[in-house]
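Remarks on the overall topology
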Amino acid sequence: MSTEQQHSARWALTSVALVVRGPELDPDALTARLALQPTATRPPGPSPWGRPDDVDGEWRLQCDERMTRDFAAQLDTVLTAAEPYAEQWRALTAEGVSVALVVRGYVDNDSQLALTAEQMCRVAGLGLPLTLTPSTSER
């Protein structure tokens with residue numbers, strides 16, 4: 001396979017989000033605690049869009065294709081906002097709240113998602129799980 005073909009198979013329509021979830025999570029209280037505005041929230045209870053068993057509250061800081069289609073810029077936007085709060089994310093995790101960096105996107109066969117060593121160091125510095133969620137459905 002040529003280098004050009006290898007680089008053309010990339011994830012498409014990516015989004016990067018720092019997602020905080022928990023059954024007792026009060027998104028407004030978390031916003032006040034952090035003094036950081038989320039891009040989306042949902043109080044605990046049945047989700048109108050998710051699975052019937054999805055009842056966790058959610059606080060989300062996200063950058064997606066509506067802001068930029070460049071994955072590196074999406075990741076940088078979320079990391080730049082999240083890094084000053086690294087201790088708070090770890091404290092929330094210690095309290096039993098789920099906190100993760102989630103990357104979503106559409107993929108084809110052999111699609112790649114390239115992260116530089118610097119990006120991986122920044123992600124690791126948060127001390128949070130990195131969840132990659134590829135979608136193979138039609139887009």
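As shown above, the structure is provided for reference.
Residues numbered from 1 in each chain as written. Predicted model: local features only at pLDDT ≥ 70, side-chain atom pairs only at ≥ 80, totals over all residues. Heavy atoms only, no water.

Observations regarding helix 5 (residues 117-126)
Three- or four-residue spacings in an α-helix give side chains the same orientation, since the helix completes a turn every 3.6 residues. Considered for burial, the residues of helix 5 that qualify are Gln119, Arg122, Val123 and Leu126. For helix 5, the angular spread of the buried residues around the axis is 100°, confining them to a single face. Opposite the buried face of helix 5, by more than 90 degrees, sit the exposed residues Ala117, Glu118, Cys121 and Ala124. If you follow the buried residues of helix 5, they end up packed against strand 1 (12-22), helix 3 (71-82), helix 4 (86-94), strand 4 (98-106) and strand 5 (130-135). Phi turns positive one or two residues past the end of helix 5, at Gly127, with a value near 70°. (Buried < 20%, exposed > 50% of the residue type's maximum accessible area, 1.4 Å probe, protein only. Helix = DSSP H or I, 4+ residues; strand = E, 2+ residues; numbered from the N terminus. Arc of directions from axis to C-beta. Contact = heavy atoms within 4.5 Å.)

Re the packing of aromatic side chains
Each aromatic ring pair is summarised here by two numbers: the centre-to-centre distance and the angle between the ring planes. Following the criterion strictly, the structure yields two aromatic pairs and no others. Relative to Trp89, the ring of Trp59 has its centre 5.8 Å away and its plane inclined at 50°; by these criteria the two rings are tilted. Here the residue Trp59 occupies a position in strand 3 (residues 57-63), and Trp89 occupies one in helix 4, the gap between them amounting to 30 residues. With a centroid separation of 6.1 Å and an interplanar angle of 50°, the aromatic rings of Tyr85 and Trp89 are classed as tilted. Residue Trp89 is classed as buried on the basis of its relative accessible area, which comes to 0%. Taken together through their ring pairs, the aromatic side chains of Trp59, Tyr85 and Trp89 make up a single cluster. (Phe/Tyr/Trp six-rings, centres within 6.5 Å; stacked < 30°, edge-to-face > 60°.)

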